[in-house]
Amino acid sequence: MFQVRFDEATYLTLGVGTFTVVAFFLMERAGRRRLLLTGFVSIAVCNLLMTIVDSVLHLVPELSCLQVLVLFCLISAYELGPGPISWFIAAELFDQPSRPIAMAFTSMLNWGGKFVLALLFPPLLKVCGAYVYLLFMTVALLAFALTWIRLPETKGRTFDDIAEEFRGAEGIPLNNKTGFNTFT
């Protein structure tokens, strides 16, 4: 697993980091929803490719470079989609009184998810082997489906427009509760 050594790891890190800057400029052009959907599909495809490459790596050791390239693409897909957009989307979906708690909850989910992933990946890799990436692919596809079904585009729209769209959505209870004034 990951036998390749990079003497120039700094350049790889800088390369991945530039995708966050690219996403910043793409958000206003392409829209948050489209970038999220593209990011989730790209993550799913990269995880499938990681499963395939890791499964045959013992037969074709030369594929280790391809494995690193797919990992680079996987991280880049995260940096183009779910990485930066998760910080913006909560601020655009909630009104001012409820925005701080929404941002805190989003931050907790973001960092908590990364923490859980870092804790669970090594044992899951031992148990599942190369097929662990199929689990991550499934999560990415579920996130894609949830985004496709429930998340509206927020680009160029006011909070009131977005709230009105949620009010018209069936199956989403929008009960205004004391202390959490969502969509008032």
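Q: If you had to explain the overall build of the chain to someone new, which residues and values would you point to?
A: Check the secondary structure of the chain and you find seven helices and zero strands. N-terminal to C-terminal, the α/β element order of the chain is α-α-α-α-α-α-α. Expressed as a percentage of its 184 residues, the buried residues of the chain come to 33%. For the chain, the proportion of contacts with a sequence separation of at least 24, taken over those separated by at least 6, is 71%. Accessible surface, the chain: about 11400 Å² in total, of which carbon and sulfur atoms supply 70%.

Q: Outline the nonpolar core, supporting the account with residue identities and numerical values.
A: The biggest cluster of nonpolar side chains holds 13 residues, and the ones touching the most others in it are Leu35, Leu36, Ile85, Ile89, Leu93 and Leu151. Among the elements of the structure, helix H1 (9-30), helix H2 (32-56), helix H4 (82-93) and helix H7 (159-168) are those that each provide at least two residues to this core. Aside from chain neighbours lying at most four places away, what touches Leu151 is Arg33, Leu36, Ile89, Leu93 and Leu146. Within the second largest apolar cluster, 12 residues are counted, among which are Ala44, Leu74, Tyr133 and Met137.

Q: If you had to explain helix H3 (residues 64-80) to someone new, which residues and values would you point to?
A: An ideal rise of 1.5 Å per residue puts 24 Å on 17 residues; H3 measures up with 24 Å between its terminal C-alpha atoms. Considered for burial, the residues of H3 that qualify are Ser64, Gln67, Val68, Val70, Leu74, Ser76, Ala77 and Glu79.

Conventions adopted
- Residue positions are counted from 1 within each chain, in the order its sequence is given.
- Restriction of local features to residues with pLDDT of at least 70 applies here, the model being predicted, together with a cutoff of 80 or more for giving and counting side-chain atom pairs; totals for whole chains, interfaces and linings are based on all residues.
- Heavy atoms from the whole structure form the basis of all side-chain values; hydrogens and water molecules are not counted.
- Helix and strand labels come from DSSP, where a helix needs a run of H or I of at least four residues and a strand needs a run of E of at least two; each type is numbered from the N terminus.
- For every residue, the accessible area obtained with a 1.4 Å probe (protein chains only) is divided by the maximum for its type, and the residue is called buried under 20%, exposed over 50%, and partly exposed between those limits.
- In what follows, a contact means two residues having at least one pair of non-hydrogen atoms within 4.5 Å.
- Note on areas: these come from Shrake-Rupley sampling with a 1.4 Å probe, and a residue is covered only by the protein chains present in the view.
- To form a nonpolar core, buried Ala, Val, Leu, Ile, Met, Phe, Trp, Tyr and Cys residues must be joined to one another through side-chain atoms within 4.5 Å.
- One less than the residue count of a helix, multiplied by 1.5 Å, gives the span that helix is expected to have.

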